[in-house]
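# Residue-level structural notes
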Amino acid sequence: EPKSLLKRGLRYVSLSLIMKGMTSTPDFLWGLPEVQKLNLSRNQLVVIPPSLGKLDRLVVLNLGGNCLKCLPKEIGLLRNLKVLFVNMNCLTEVPAELSLCKKLEVLSLSHNCISQLPLSFTDLTSLRKLNLSNNRFVQIPLCIFALRSLDFLHLGSNRLENIAESVQYLVNLQIFIVENNNIRTLPRSLCFITALELLNVDYNAIQTLPDDLYLLRRLPRIAWNPMDKGLHIAHNPLSRPLPEVVEGGLDVLFNYLREKK
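Residues numbered from 1 in each chain as written. Predicted model: local features only at pLDDT ≥ 70, side-chain atom pairs only at ≥ 80, totals over all residues. Heavy atoms only, no water.

Each helix and strand counted, the protein chain has two helices and eleven strands in total. The helix and strand sequence of the protein chain, counted from the amino end, reads β-β-β-β-β-β-β-β-β-β-β-α-α. If one aligns the C-alpha atoms of the protein chain with their principal axes, the spans along those axes are about 70 × 30 × 30 Å. As displayed, the protein chain offers around 12,600 Å² of accessible surface, 50% of which is attributable to carbon and sulfur atoms. The averaged location of the 22 negative side-chain charges in the protein chain is 6 Å from the averaged location of its 30 positive side-chain charges. (Helix = DSSP H or I, 4+ residues; strand = E, 2+ residues; numbered from the N terminus. Areas by Shrake-Rupley, 256 points an atom, 1.4 Å probe, with all protein chains shown as cover. Lys, Arg positive; Asp, Glu negative; His and termini not counted. Charge placed at Lys NZ, Arg CZ, Asp CG, Glu CD.)

With that settled, consider the state of the cysteines. Counted by the stated rule, this structure contains zero disulfides. No disulfide involves Cys 90; its nearest neighbouring cysteine sulfur is the one of Cys 67, lying 5.6 Å away. (Disulfide = S-S within 2.5 Å.)

This next bit is on the pattern of salt bridges. Should their charged atoms come close, side chains of opposite charge can pair. All chains considered together, the criterion is met by eight salt bridges. Of the charged contacts in the structure, one is a salt bridge between Arg 128 and Asp 151, with a shortest N-O distance of 3.5 Å. Taken together, the residues span a long stretch of sequence, with Arg 128 in the loop between strand E6 (106-108) and strand E7 (129-131) and Asp 151 in the loop between E7 and strand E8 (152-154) at a distance of 23 residues. A salt bridge links Glu 197 to Lys 229; the shortest N-O distance between them is 2.6 Å. Here Glu 197 is found in the loop between strand E9 (175-177) and strand E10 (198-200), whereas its partner Lys 229 is found in the loop between E10 and strand E11 (230-232), with 32 residues between them in sequence. One continuous salt-bridge network, built from bridges that share partners, spans Glu 105, Arg 128, Lys 129 and Asp 151. (Salt bridge = Lys/Arg side-chain N within 4 Å of Asp/Glu carboxyl O.)

All right, on to unusual backbone geometry then. A cis geometry characterises the amide bond from Arg 240 onward to Pro 241, with omega recorded as 10 degrees. When you line up the elements, Pro 241 lands in the loop between E11 and helix H1 (242-247). Despite not being glycine, Met 19 has its phi angle at roughly 50 degrees, a positive value. Examined against the element boundaries, Met 19 turns out to sit in the loop between strand E2 (13-16) and strand E3 (37-39). Of note, Tyr 203 is a non-glycine position whose phi angle comes to about 55 degrees, a positive value. By secondary structure assignment, the location of Tyr 203 is in the loop between E10 and E11. A relative accessible area of 43% means that Tyr 203 is categorised as partly exposed. (Buried < 20%, exposed > 50% of the residue type's maximum accessible area, 1.4 Å probe, protein only.)

For the protein chain, the domain assignment lists domain 1 (1-127) and domain 2 (159-260). Here domain 1 and domain 2 have C-alpha centroids that lie 35 Å from each other. (Domains from an automatic or database assignment.)

Okay, the sheet that holds E10 next. If you trace the eleven strands from one edge of the open sheet to the other, you get E1-E2-E3-E4-E5-E6-E7-E8-E9-E10-E11, paired in mixed fashion. Sheet topology places strand E1 (7-8) and E11 at the edges, where each strand pairs with a single neighbour. Note that strand E5 (residues 83-85) and E6 share three bridges and pair parallel. Opposite Val 83, over in E6, you have Val 106 as the bridge partner. (Pairing = 2+ DSSP bridges.)

By the element assignment, His 154 lies in strand E8. By relative accessible area, His 154 is classed as buried at 14%. If sequence neighbours within four positions are ignored, His 154 has contacts with Leu 130, Asn 131, Leu 132, Ser 133, Ile 177 and Glu 179. (Contact = heavy atoms within 4.5 Å.)

Among the structural elements, Leu 150 can be located in the loop between E7 and E8. For the pair Leu 150 and Phe 176, spaced 26 residues apart in sequence, the C-alpha separation works out to 9.9 Å.

As a further point, take helix H2 (residues 250-260). When H2 is considered as a whole, its buried residues turn out to be Leu 250, Leu 253, Phe 254 and Leu 257. Along the long axis of H2, the arc covered by the buried residues comes to 95 degrees, so they all point the same way. In H2, those exposed residues whose orientation departs by more than 90 degrees from the buried face are Asp 251 and Glu 259. Residues of H2 that are buried sit in contact with E11 and H1. (Arc of directions from axis to C-beta.)

Below, the structure written as structure tokens:
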């Protein structure tokens, strides 16, 4: 009996079908409209049918670790959705209808083949955490700069060559990760996101740093551990004397940039 698969927590009715070797979704699933948390991760799903739209009470949906090449436009019917994981799939695009999920707060599209986002993404005004790492972005999509509620943005391991000056509009950003790209310079406007607590630009092609970087007073240190907050600047071809200055720590670096300015 499918109903017996449901687990009732304090707040949510959940259903987990992790690692079941499924190549398609079972039909009984679409007759369980009470489900609020659905985990179909780590299977071999190639397609999610339009019937997904019937689960309009969904708050959390995990489709990570499958073989999905696209999402159905009916995902826009999930008006209560707050958390969506579609990481580690084969997506090349994201449906514009996803922007109808106005309550969406957390979205992970990492480890796919995406190179652009629909302009309608500007409507996701509740989005706080966005992971687009390990995709094929050459530049940060302009629609992202309209997401003023973002406090976490991960664009590591893409093909970025620069960061647009418009990044300054992400005024609530606390964690910004763009490691392992082809970025050559950091824009001065980045220095005005004073909420930043972690800025990771490791493994890029950065030679110089903006003089106003010292304005990022919430960065606690030069960080070497990937999990630490602070400024991650390792493995860049910094021009002299910056390598030696960085070795002295964040205070030494900020004093140097302040005096240089």
